[in-house]
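The residues making up each chain are set out below.
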2 protein chains.
Amino acid sequence: MDAHFSDARLCIVGLGLMGGSLGMALKAHQVCRTVSGADSQAAVLRQAIALEAVDEATTDVARAVRRADIVVLATPVRTIARLIAEIGSSLQPDTLLMDLGSTKTAIVEAMARLPSHVQAVGGHPMCGKEKAGIAAADPDLYKGAVFCLTPLERTRPEALARAEALVRAIGAHPLVVDCQRHDAVVAATSHLPYLMATALTATAADLAAKDDLVWQVVASGFRDTSRLAGSDVDMMLDILLTNQKNVAGRAREAAQKLLEMAAAIDTGNEEILRGFLAQTQQAWRGVYP
Amino acid sequence: MDAHFSDARLCIVGLGLMGGSLGMALKAHQVCRTVSGADSQAAVLRQAIALEAVDEATTDVARAVRRADIVVLATPVRTIARLIAEIGSSLQPDTLLMDLGSTKTAIVEAMARLPSHVQAVGGHPMCGKEKAGIAAADPDLYKGAVFCLTPLERTRPEALARAEALVRAIGAHPLVVDCQRHDAVVAATSHLPYLMATALTATAADLAAKDDLVWQVVASGFRDTSRLAGSDVDMMLDILLTNQKNVAGRAREAAQKLLEMAAAIDTGNEEILRGFLAQTQQAWRGVYP
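Rules and cut-offs
Residues numbered from 1 in each chain as written. Chains lettered and ligands numbered in written order. Predicted model: local features only at pLDDT ≥ 70, side-chain atom pairs only at ≥ 80, totals over all residues. Heavy atoms only, no water. Core = buried A, V, L, I, M, F, W, Y, C linked by side-chain atoms within 4.5 Å. Buried < 20%, exposed > 50% of the residue type's maximum accessible area, 1.4 Å probe, protein only. Contact = heavy atoms within 4.5 Å. Helix = DSSP H or I, 4+ residues; strand = E, 2+ residues; numbered from the N terminus. Salt bridge = Lys/Arg side-chain N within 4 Å of Asp/Glu carboxyl O. Pairing = 2+ DSSP bridges. Right-handed = clockwise from strand over helix to strand, strands pointing away. Polar contact = N/O pair within 3.5 Å; in protein donor to acceptor, adjacent residues only side chain to side chain. Nonpolar A, V, L, I, M, F, W, Y, C, P; charged D, E, K, R; others polar. Least-squares fit on C-alpha atoms with pLDDT ≥ 70 in both. Axes fitted to C-alpha atoms, helices over the stretch in contact; angles between N-to-C directions.

1. Remarks on the nonpolar core
What tends to happen in soluble globular proteins is that the nonpolar side chains get buried as a cluster. If you look at the biggest cluster of nonpolar residues, it comprises 147 residues, and the most contacted ones within it are Val71(A), Leu97(A) and Leu97(B). Apart from residues lying up to four places away in sequence, Leu97(B) is in contact with Val71(B), Leu73(B), Ile84(B), Ile87(B), Leu91(B), Met111(B), Leu114(B), Val118(B), Gln119(B), Ala120(B) and Val121(B).

2. Here we look at the environment of Asp140(A)
Here Asp140(A) lies in the loop between β6 (119-125) and β7 (146-151). For the pair Asp140(A) and Met24(A), spaced 116 residues apart in sequence, the C-alpha to C-alpha distance is 8.4 Å.

3. Some details on the pattern of salt bridges
Taken as a whole, this structure holds 37 salt bridges over all chains when the rule is applied. The partner of Asp234(B) in a salt bridge is Arg274(A), and the shortest N-O contact between them spans 2.6 Å. Separated into two different chains, Asp234(B) in helix α9 (residues 233-241) and Arg274(A) in helix α11 (residues 270-287) make up a pair that spans both. A relative accessible area of 33% places Arg274(A) in the partly exposed class.

4. Some thoughts on the pairing of strand β1 (residues 9-13) of chain B
Where a strand is regular, its side chains alternate between the two sheet faces. Residue and element names in this part refer to chain B. With four of its five residues buried, β1 lies for the most part within the structure. Relative to strand β2 (residues 34-38), β1 runs parallel, the two being bridged by five bridges. Looking at β2, one finds that Leu 10 is bridged to Val 35. Once the chain exits β1 it traverses helix α1 (residues 17-28) before rejoining the sheet at β2, and the crossover so formed is right-handed. Relative to strand β4 (residues 70-73), β1 runs parallel, the two sharing four bridges. Looking across to β4, one finds that Val 13 is bridged to Leu 73.

5. Remarks on helix α9 (residues 233-241) of chain A
Most of α9(A) sits inside the fold, with seven of its nine residues counted as buried. For α9(A), the full list of buried residues reads Val233(A), Met236(A), Leu237(A), Asp238(A), Ile239(A), Leu240(A) and Leu241(A). Looking at the packing, one finds that the buried side of α9(A) touches α4 (77-87), α7 (179-208) and α10 (244-266) of chain A together with α10 (244-266) and α11 (270-287) of chain B. In this structure Asp232(A) caps α9(A), since a side-chain oxygen of it lies 3.0 Å from the backbone nitrogen of Met235(A).

6. Things to note about the interface of chain B and chain A
Contacts between the two partners involve 90 residues from chain B, matched on the other side by 89 residues from chain A. Put simply, chain B and chain A have 14 salt bridges between them. Summed over the shared surface of chain B and chain A, the result is 24 residue pairs in polar contact (both at pLDDT 80 or more). Among the elements of the structure, β7 (146-151), α7 (179-208), α8 (220-226), α9, α10 and α11 of chain B are those that each provide at least two residues to the side of chain B that touches chain A. Its residues assigned to classes, the side of chain B that touches chain A comprises 54 nonpolar, 17 polar and 19 charged.

7. Observations regarding unusual backbone geometry
Of note in this structure, Asp94(A) is not a glycine but carries a positive phi near 65°. Here Asp94(A) shows up in the loop between α4 and β5 (96-99).

8. Describing the relation of the copies chain B and chain A
Of the transformation superimposing chain B on chain A, the axial component is 0.0 Å and the angular component is 180°, with the fit at an RMSD of 0.0 Å. The relationship between the two copies is best expressed as a two-fold rotation axis. In this assembly the copies share their binding face: 99% of the residues contributing to the interface of chain B also contribute to that of chain A.

9. A few points about the sheet that holds strand β3 (residues 56-58) of chain B
Residues and elements named next belong to chain B. Taking strand neighbours across the sheet as the criterion, the eight strands line up as β3-β2-β1-β4-β5-β6-β7-β8 in an open arrangement whose pairing is mixed. The outermost strands of the open sheet, each flanked by one partner alone, are β3 and β8 (173-176). When strand polarity is set aside, the average angle formed by the axes of neighbouring strands in this sheet is 25°. Sheet topology places β4 next to strand β5 (residues 96-99); four bridges connect them, and they run parallel. Bridge pairing in β5 places Ile 70 opposite Leu 96. Of the strands in this sheet, β1, β2, β4 and β6 (119-125) are in contact with α1, which crosses β1 at around 160°.

In structure tokens, the structure reads:
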């Protein structure tokens, strides 16, 4: 299909929601010559083949990546960082190594320590679901999504161009950005929403322990605002703990805003409250007109 | 259609999203003999008639309610409380007065001061949208929603039964509950989600003022978690300021949980963090299996 990849053997390591969806998208668009997969769980490999997310699959990561021209790491973030260190010596010259992790600084640092014959670009597609695992995989998951790419200082222009073309081939929009700037921004747009949903759910759950009416009256507003609290805990832990300063900072700011609203509500300070709510509504409607 | 209402003249005061949707639902199911509407804005009345949300409409509330067997107040909460005091003397004997306000204690208190010939039941349908106004009205808005009913001590059983039948006639599920218990519970399930969405949006907006990348990378997680920040400010102010103690209390609890997560993230206390996230994920999945 795409001149860049029609001959490429691509290998996805980690066949969960994101890796499985990537395989399905690549195969649906016939982007590469072959799509292989590696995962630690044999049952997942069988499911990936049954869903036609990959052409072939193995539990042997080193063997899988050795035969690939492009390797995409799609595990939780801290496993990605570990895998980068482990597989470096197995990669062929000029292999393009990418990943799908939601934080980029730790991963780009690990990529910078790769043997010099490997080209690497960090990646973060701005899409997902609160359900984990290949059973939730969807060939259209990446369609229309912004896909951040964080090159290393040493990444060659043609390797970055190849990564951008791969992103476009699955219907996503590449956005090249520095890894530290990426992590600062997504702390507010991706990681804080998870903490907000979790704090909301935990607060309601505390009340539900005393009054069983709570879960009977939840409506679409609660469902949407709390949805991310159902996210995979292993995945989120890795994200939060590789973006500590940014995430903790934004969580404290949001807590402060809650406390300020609580004070205005308590004291009936309508003018302050109205000003804050109206200003925030305007900001929201600017993003979602 | 329904033996309870085939002869009834129903009047909706306030033709916004909720009142307009109620009129559309009543007319779609041919529940009443006539559905009339009152609103302070002539343009809204014209739109309500064009959308077939009401058979007739007027800006004269006292005149509209005088000829009705059932009156449903569908304005913001503090206007509902004021209207109850104003229209009491205009209502016919045995008129059933209801409302759609999201807090119930202040409204039930106002209803308790009505002339003794009026029967009243507070109401709160657990549905809505972040868009306000009759342009967003939807005849299916109430379909499948839980609809809380908060009777007064003096509400007669047949009046409550009539309110329950009306709720069923538009496809919603009546749930009879004490007004104070209602307000305590919805503070966590309906009002706190709005504050969480607002705190999230405001935190991201602060960062967006410094880095324009912010709004370029927002994805479905941010959109859903922040959606309620687009809610009508007048409506929300009335809700927050008629449920002060409950809402402020839950907001402070949620802020505390955010601060605890921030501390665990900062210090890398993985065990504490994992325990809290996993427990909350389990609670969420219990509600949304």
